[in-house]
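Letter by letter, the chains look like this.
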Amino acid sequence: MEWLRIEGGRELRGRVSVPGAKNSCLKLMALCIMASSECTITNVPSITDVDTMCDLLRAVGAGIVRQRASVLSVDPRPIACTRLPEQLVRCMRASVQVLGPLLARFGEVQMPYPGGCPIGSRPIDLHLKGLAAMGAQFSEEHGLISGRANRLVGTEIHLDFPSVGATENLMAAACLATGTTVIRNAAREPEIVDQQNFLTRLGGQIRGAGTDTIRITGVPELGSTTYPVMPDRIQAGTYMIAAAATRGDITVTDVVPEHLEAVGSKLAESGAAVIASEDSVRVVMGDRPAPISVKSMPYPGFPTDLQAPMAALLTVGRGTSVVTENIFNNRFRYVDELSRMGAQISVDGRTAIIRGVSELTGARVAAPDLRAGAALVVAGLAARGETIIDGVEHITRGYDGLSERLASCGAHISHTVDAPEAASFDS
Ligand code: UD1
């Protein structure tokens, strides 16, 4: 058992450095399958999803060396198996990102349906349809997907929705296909640009990542490289929101401010001063937030992964806010937990109506998924009294040193792995 204990109601002040992005690092690790020799990834976050991806790559035979917490090497040369073990694949959604690389490199793959946060239906039809358009053949039996392709062939693919994962899988597979692939209605997330940069360093020929049309010309083989993971814009956004929720003053460093414009502009609308410099963003808040309307959208819209933390901030707003979730259909599972802390939220379909209260009060709550867990942390920091958050294993999937980073800004927070009585505050 693991939980966080927070003594809330303290202004957070200070600087927080942001580690590498979970949602890019896991994909870069999967892309290493297509390299010709060992690749080294730096700025790797210390999160359990990275450990799971290491285990998954080891399970197919890849050599993994973790030189230090933030540096790891993946050697694809010993890969001798294309069947992925169910228990690991079920641990996280990002497991599906090995599908395209394994198929492109070895012409076959067997994979159970991936797991991940229970935030709504998460089909992989766009991944499979795109790969099928490139010539792969899929069959499914007893929940196991088997794919085959003698040689993938470049083609035109129009995605029904700009899926991040599907764009990445197809872009990867197209690098080793014959001819040119064009992905239209592609996702434009910064993590996709990171994948393009990585693949280009391996010798891939890709243009257009960051726009809705990506063109990939296949090459017979890829090389190897050393590459730093881009900064985690979701962790950064969480600290920005935590600053606002505690009426504090936090500078998040080692970020790309452009990636944080959507969250920064919503925080500014709610009354925060948001000051961006070359590689940092400072958020200063002196009052309860003004009520606002937030709609999650594909990038450059407001990220769905920050919808829950933003909603937690708005629970202490000076009026009624409206939060609409447009990406996943079950992303309000934190609402009951926030209600235990005094939040006034009603949900109707994809919309949450949040009536701001003057303060939240600490309570024992449980994180139902990763980003909902982050929302409970934001609420706990803002609340009066003690909050205990169970289900911390969801949070450590994606947040690297969360309690240490927050404690360095004055939060009273401790992360405990055994009996609650043993918990003690960091400061
Ligand atoms: C990635 C991120 C996740 C983020 C999400 C949206 C990783 C590991 N996870 O997830 O943190 O919340 O992007 O920014 O990078 N869809 C289909 N069919 C498909 C694929 C997706 O219908 O084959 C739908 C999904 O159900 C969802 C929407 O498309 O409604 C967006 O999903 P997608 O962009 O693919 O998210 P992920 O890549 O799973």
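Structure shown above.
In this text the structure is predicted, and so the values were computed from the model without any measurement.

Asker: Talk me through the site of the ligand; I want residue IDs and the actual numbers.
Answerer: In the vicinity of the ligand, 20 residues are found, and the nearest of them are Lys27, Asp125, Ser163, Asp305 and Ile327. Take Asn23: an N or O atom from its side chain is 3.0 Å from an oxygen atom of the ligand. At a separation of 2.7 Å, an oxygen atom of the ligand approaches a polar side-chain atom of Lys27. The fraction of the free accessible surface of the ligand (730 Å²) that becomes covered by protein chains is 88%. The set of elements that each furnish at least two residues to the shell around the ligand consists of α1 (22-31), α5 (125-133) and α6 (164-175).

Asker: Hey, could you go over the sheet that holds strand β11 (residues 205-207) for me, with residue numbers and the actual values?
Answerer: Judged by pairing direction, the sheet is mixed, and its 4 strands sit side by side in the order β9-β10-β12-β11 without closing on themselves. Each of the sheet's edge strands pairs with one partner strand only, and the pair in question is β9 (156-158) and β11. Averaged over neighbouring strand pairs, the angle between their axes works out to 15 degrees when direction is ignored. Relative to strand β12 (residues 213-217), β11 runs antiparallel, the two being bridged by 3 bridges. Bridge pairing links Gln205 to Thr217 in β12. Sheet strands touched by α6: β9, β10 (180-184), β11 and β12. Its angle to β12, the strand with the most contacts, is close to 25 degrees.

Conventions adopted
Residues numbered from 1 in each chain as written. Predicted model: local features only at pLDDT ≥ 70, side-chain atom pairs only at ≥ 80, totals over all residues. Heavy atoms only, no water. Near = heavy atom within 4 Å. Polar contact = N/O pair within 3.5 Å; in protein donor to acceptor, adjacent residues only side chain to side chain. Areas by Shrake-Rupley, 256 points an atom, 1.4 Å probe, with all protein chains shown as cover. Helix = DSSP H or I, 4+ residues; strand = E, 2+ residues; numbered from the N terminus. Pairing = 2+ DSSP bridges. Axes fitted to C-alpha atoms, helices over the stretch in contact; angles between N-to-C directions. Contact = heavy atoms within 4.5 Å.

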